[in-house]
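Report on the structure
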Amino acid sequence: MADVDTSQTPDADEALAQEVRSWLAANWSGAPVDAAGHRQWLAKVVEARWAVPRWPAEWGGRGLPDGQARIIERAFAAVGAPGSGQDRTNLWANTLLAYGQPELKQKLVPRLLRGEVGMCLLYSEPGAGSDLAGLRTRAERRSDAAHGDHFVVNGQKVWTSNAATAEYGMLVARTDWDVPKHQGISFFFCPMKQPGVDVRPLRQVTNESHFNEVFLTDAIVPAANQLGDLGQGWSVLQTALAYERSLMGEQARGPRSGAAESTAEEPLIALAREAGKLGDPLIRQELARVVAYKKLNALNTARAKADLAQGTSSPIMSLGKLAMSRILHEEARLRTALLGPESLLEGPGHPRAEDANFLSLNAYFTSIGGGTDQIQRNIIGERVLGLPKEPEVDRDVPFRQVRGG
Amino acid sequence: MATLAREERLAFQDQVRRLLADRSTEAEVRRTMELPAGYDPSLWRQLAELGVVGLLIDEAHGGTGAGPMELELVMEEVGAALLCGPLLSSGVLAAGLLQALGDADAQARLLPRIADGSAIATVAITGTSGTWTPEGVAVTATAAGDGWRLDGEASYVTHGQNADVFLVAANAPDGLAVFEVATGAAGLATTALPTFDHTLRLAQIRFAGVPARRLAARGGAWDAVEQALDLARVALAGEQAGAGRRVLEFTVDYAKTRVQFGRAIGSFQAIKHMAADLLLEAESAISAARHAAQALAEGAPDRDASISLAAFACADAFSTITATAVQMHGGIAFTWAHPAHLYLRRARADAQLFGTPAFYRDRYVQQLGG
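Scoring rules and cut-offs
Residues numbered from 1 in each chain as written. Chains lettered and ligands numbered in written order. Predicted model: local features only at pLDDT ≥ 70, side-chain atom pairs only at ≥ 80, totals over all residues. Heavy atoms only, no water. Helix = DSSP H or I, 4+ residues; strand = E, 2+ residues; numbered from the N terminus. Buried < 20%, exposed > 50% of the residue type's maximum accessible area, 1.4 Å probe, protein only. Contact = heavy atoms within 4.5 Å. Areas by Shrake-Rupley, 256 points an atom, 1.4 Å probe, with all protein chains shown as cover. Lys, Arg positive; Asp, Glu negative; His and termini not counted. Charge placed at Lys NZ, Arg CZ, Asp CG, Glu CD. Core = buried A, V, L, I, M, F, W, Y, C linked by side-chain atoms within 4.5 Å. Buried area = accessible area lost by both parts, 1.4 Å probe. Salt bridge = Lys/Arg side-chain N within 4 Å of Asp/Glu carboxyl O. Polar contact = N/O pair within 3.5 Å; in protein donor to acceptor, adjacent residues only side chain to side chain. UniProt positions renumbered as here; feature names shortened; annotations may be inferred. Axes fitted to C-alpha atoms, helices over the stretch in contact; angles between N-to-C directions. Parallel < 35°, antiparallel > 145°, perpendicular 65-115°, else oblique. Left-handed = near helix turned anticlockwise from the far one by under 90°. Nonpolar A, V, L, I, M, F, W, Y, C, P; charged D, E, K, R; others polar. Domains from an automatic or database assignment.

Further remarks concern the overall build of chain A. Looking only at helices and strands, one finds 12 helices and eight strands in chain A. Each principal axis of the C-alpha distribution contributes one length, and for chain A these read about 75 × 60 × 45 Å. Within the span of chain A, comprising 405 residues, buried residues form 43% of the whole. Across chain A, the fraction of contacts at a sequence separation of at least 24, relative to all contacts at a separation of at least 6, is 67%. On chain A, roughly 19,900 Å² of surface is accessible, and the fraction owed to carbon and sulfur atoms is 53%. Taking the average location of the 45 positive side-chain charges in chain A and that of its 48 negative ones, the two points are 3 Å from each other.

A separate point is the nonpolar core. Grouped together as the largest cluster of nonpolar side chains are 105 residues, with contacts concentrated most on Leu287 of chain A together with Leu47, Leu97, Leu167 and Phe354 of chain B. No other element matches helix 7 (residues 221-257) of chain B, which puts 13 residues into this core. The contact partners of leucine 47 of chain B, leaving out residues within four places of it in the chain, are Leu19, Leu20, Val52, Val53 and Leu83 of chain B. Within the second largest apolar cluster, 49 residues are counted, among which are Ile71, Phe76, Ala128 and Leu135 of chain A.

A word on the interface of chain A and chain B. Residue-level contacts link 39 residues of chain A with 38 residues of chain B. The contact between chain A and chain B buries some 3,400 Å² in all, and 62% of this surface belongs to carbon and sulfur atoms. Among the residues of chain A in contact with chain B, Arg284, Arg303 and Leu385 of chain A are the three that bury the most area, contributing 17% of the side total. Where glutamate 281 of chain B meets arginine 326 of chain A, a salt bridge forms, and the shortest distance between an N and an O atom there is 3.1 Å. At the junction of chain A with chain B, the criterion picks out 17 residue pairs in polar contact (both at pLDDT 80 or more).

As annotated in UniProt, the feature "domain: Acyl-CoA oxidase/dehydrogenase middle" (unreviewed entry) corresponds to residues 120-205 of chain A in the numbering used here. End-to-end, the C-alpha atoms of residues 120-205 of chain A are 22 Å apart, and along that stretch the chain is 0% helix and 50% strand.

Throughout the structure, instances matching the rule amount to 59 salt bridges over all chains. A salt bridge links lysine 181 of chain A to aspartate 394 of chain A; the nearest nitrogen and oxygen atoms lie 2.8 Å apart. In this pair, lysine 181 of chain A is assigned in the loop between strand 4 (168-174) and strand 5 (185-191) and aspartate 394 of chain A in the segment after helix 12 (373-384), connecting sequence segments 213 residues apart. For lysine 181 of chain A, a relative accessible area of 4% corresponds to the buried category. Residue aspartate 394 of chain A is classed as buried on the basis of its relative accessible area of 14%. Among the ionic pairs, arginine 284 of chain A bridges to aspartate 362 of chain B, the shortest N-O distance being 2.9 Å. Of the two residues, arginine 284 of chain A is situated in helix 9 (residues 281-309) and aspartate 362 of chain B in helix 11 (residues 357-367); the pairing between them involves two chains. By sharing partners, the salt bridges in this structure join Arg54, Asp66, Arg70, Glu73, Asp87 and Arg88 of chain A into a single network.

What follows is about the side chain of arginine 377 of chain A. Mapping arginine 377 of chain A onto the fold places it in helix 12. Not counting residues within four places of it along the chain, the set of residues in contact with arginine 377 of chain A comprises Leu322 of chain A together with Lys272, His273, Ala276 and Asp277 of chain B.

Below, the discussion takes up the packing of helix 7 of chain B against helix 9 (residues 303-329) of chain B. Residues and elements named next belong to chain B. Running from N to C, helix 7 and helix 9 cross one another at 25°; their axes reach a closest spacing of 8 Å. Here helix 7 lies roughly parallel to helix 9, going by the angle between them. Judged by the twist between their axes, the crossing of helix 7 over helix 9 is left-handed. Residues Asp230, Arg233, Val234, Ala237, Gln240, Ala243, Gly244, Val247, Leu248, Phe250, Thr251 and Tyr254 of helix 7 pack against Asp304, Ile307, Ala310, Ala311, Cys314, Ala315, Phe318, Ile321, Thr322, Ala325, Met328 and His329 of helix 9. Its residues assigned to classes, the contact of helix 7 with helix 9 shows 16 nonpolar, five polar and three charged.

What follows covers the domain arrangement of chain B. Residues and elements named next belong to chain B. Under the domain assignment, chain B is made up of domain 1 (6-88 + 98-119), domain 2 (122-219) and domain 3 (222-367). Measuring from the centre of the C-alpha atoms in domain 1 to the corresponding centre in domain 3 gives 21 Å. Counting residues at the interface gives 20 residues for domain 1, matched by 29 residues for domain 3. Buried area between domain 1 and domain 3, both sides added, is near 2,000 Å², and the carbon and sulfur share of it is 70%. There are one salt bridge connecting domain 1 and domain 3. In this structure, the connection of domain 1 to domain 3 is made through eight residue pairs in polar contact (both at pLDDT 80 or more). Secondary structure elements with two or more residues in the side of domain 1 that touches domain 3: helix 2 (26-33), helix 4 (68-80) and helix 5 (87-101).

Next comes the structure, spelled out in structure tokens:
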């Protein structure tokens with residue numbers, strides 16, 4: 001195994017901290033200026049085996065327990081250097097390492113850690129949004145001289161970021177239509193640069209395009225790119241989703257520090273003053289209500305963090321997304337009310353109207369994306385409050401017989 | 001302001017929780033709320049012995065020497081158990097006002113008796129307008145010999161009918177001041193007001209040339225009243241947050257066990273989604289109340305805004321939770337025998353005491369610079 005003492009003594013911890021600090025002192029000279037520089041830095045981190053310290057040595061790790069891996073991550077964070085802790089945060093590499101076949105792992109894991117492989121997610125479909133397990137993209141096993149053992153994939157995916165530049169997409173597709181919906185799904189690394197994959201930008205309600213539709217027409221996926229067993233794709237997906245959520249949690253726990261009071265005036269109050277409506281008693285009531293939503297969410301987050309620091313888990317974290325949906329919709333509504341007919345206008349000459357109108361539409365990004373508010377309420381009701389699940393009429397039926405649409 | 005160590009604070013909260021679980025059961029609350037006095041003297045003594053009544057009072061005057069953070073946690077338990085009694089009147093408002101005024105003689109005479117529960121004190125601030133602002137004061141004071149006489153009216157005086165001592169805000173020729181009046185003083189008429197919340201006691205008090213002792217005020221007298229009101233706001237926020245959380249708990253438990261259409265009603269999204277929304281309300285109220293308590297204890301720059309936020313956010317949350325909980329229960333909660341209405345009544349009362357949510361929302365915007 002590794003040449004580092006993994007025993008968890010304070011001495012070993014201090015020696016490790018010392019080692020990583022001196023390595024950083026010798027190698028880190030500030031954030032790289034471009035993508036190529038960023039990749040070069042990641043390659044260095046991987047080479048020095050700081051990228052995935054919890055992983056075994058054969059995959060570039062050090063086999064360290066979590067506590068010592070955190071020491072390394074903290075040393076990186078202290079100087080602002082990226083690249084460590086990928087054994088927690090690299091969704092793609094972790095999923096592949098856990099479920100991939102040996103040759104695909106050899107081929108891609110090191111490149112993924114070095115940030116050399118563009119990736120995207122091929123999960124949602126037009127007919128499978130909240131009910132992802134109802135997906136209908138089909139993958140059929142074939143074998144021929146041209147492609148060897150492979151799958152032929154047909155279907156449509158949606159809400160895919162970075163699809164145009166991706167080398168692979170993590171794909172869930174149905175491989176068995178005669179078993180219940182969760183049991184007939186398989187998980188693949190689908191090559192994106194091929195004729196059978198057509199990426200089209202999706203024009204959003206906000207008139208922007210951050211996502212794509214991906215049309216899969218006789219797309220070829222080598223059998224070696226299957227992750228997990230055939231029909232076991234749902235459990236692979238759960239692992240992938242867990243990494244994604246923990247990453248989102250990390251980001252949510254970022255610099256926004258809960259209770260800290262900003263010295264700048266609350267923007268809604270400034271806007272009310274600008275609009276000459278700060279004296280309107282009804283507007284003042286609404287201002288208090290909406291500003292309070294924001295403040296209460298910040299206080300909840302701060303309390304959840306404090307609970308975590310005390311070692312008690314908190315149900316509050318799961319409420320954040322629902323709270324944020326309300327904040328965004330209510331704030332947009334109030335901004336519109338403050339502007340009145342000015343919100344009829346758009347364009348660079350009317351920035352306040354642009355803001356209010358954009359926020360009114362983009363609020364749905366949070367209340368629909370990543371699980372709708374309604375799904376979120378189900379999750380809170382069931383996982384936090386322990387209420388029983390709704391009976392699922394399609395759970396034990398062969399998928400072929402399940403109604404779609 | 002005073003603060004205990006975290007461990008000490010949690011241990012104290014736990015003691016209060018256990019006492020109330022034993023002595024402020026639903027059956028006890030229902031029995032007590034029908035008594036004329038509206039509180040149980042033996043439980044009051046136990047609360048005093050535990051140091052709850054004298055929580056805010058200096059140890060030198062026989063109190064516990066704790067502060068807003070301990071008060072808030074205790075009040076979460078008080079709210080959850082729907083405790084009936086003059087804690088807010090005597091232990092919070094009156095004790096807080098006496099400490100803020102700094103009249104050493106009055107403190108020495110009154111605080112030890114408040115702390116040990118042998119005397120009940122309350123504070124009369126507003127007239128029938130019910131605004132708890134200087135403009136709301138409807139008692140005037142005139143000098144009479146070497147003393148003072150009070151004329152006018154005070155209303156919404158919590159536990160006025162049980163008080164041994166009144167601290168009365170009144171307009172004197174040289175400005176607002178606080179006066180001490182003993183029960184039974186000549187010209188004093190106390191009328192108990194019928195209350196929608198049966199666990200609450202309110203009185204109207206008429207003053208007709210009532211002899212009174214003027215208390216010295218270290219700072220301004222109204223500043224001292226505001227300090228006492230801040231403690232009462234934090235206490236009320238804690239009560240609302242704790243009670244809201246308790247209501248959500250028993251409502252969710254009911255949704256797990258009540259079966260209709262062959263399923264626990266909590267499996268229906270119509271109910272589940274209400275419960276999820278209430279959890280956000282309940283947790284936000286706890287956060288707001290605790291933050292306000294901490295801001296007050298530390299004298300933080302955002303102290304006043306945090307107290308206003310807690311005042312309306314906790315009132316709104318407790319009102320929403322109780323109202324929604326009745327609906328989630330269905331018919332059973334439309335009966336007198338079910339406890340939901342006891343909490344609903346307390347929520348409606350708490351939302352009016354010491355200022356309405358609308359008042360605090362407006363004040364919040366003002367405190368944020370608007």
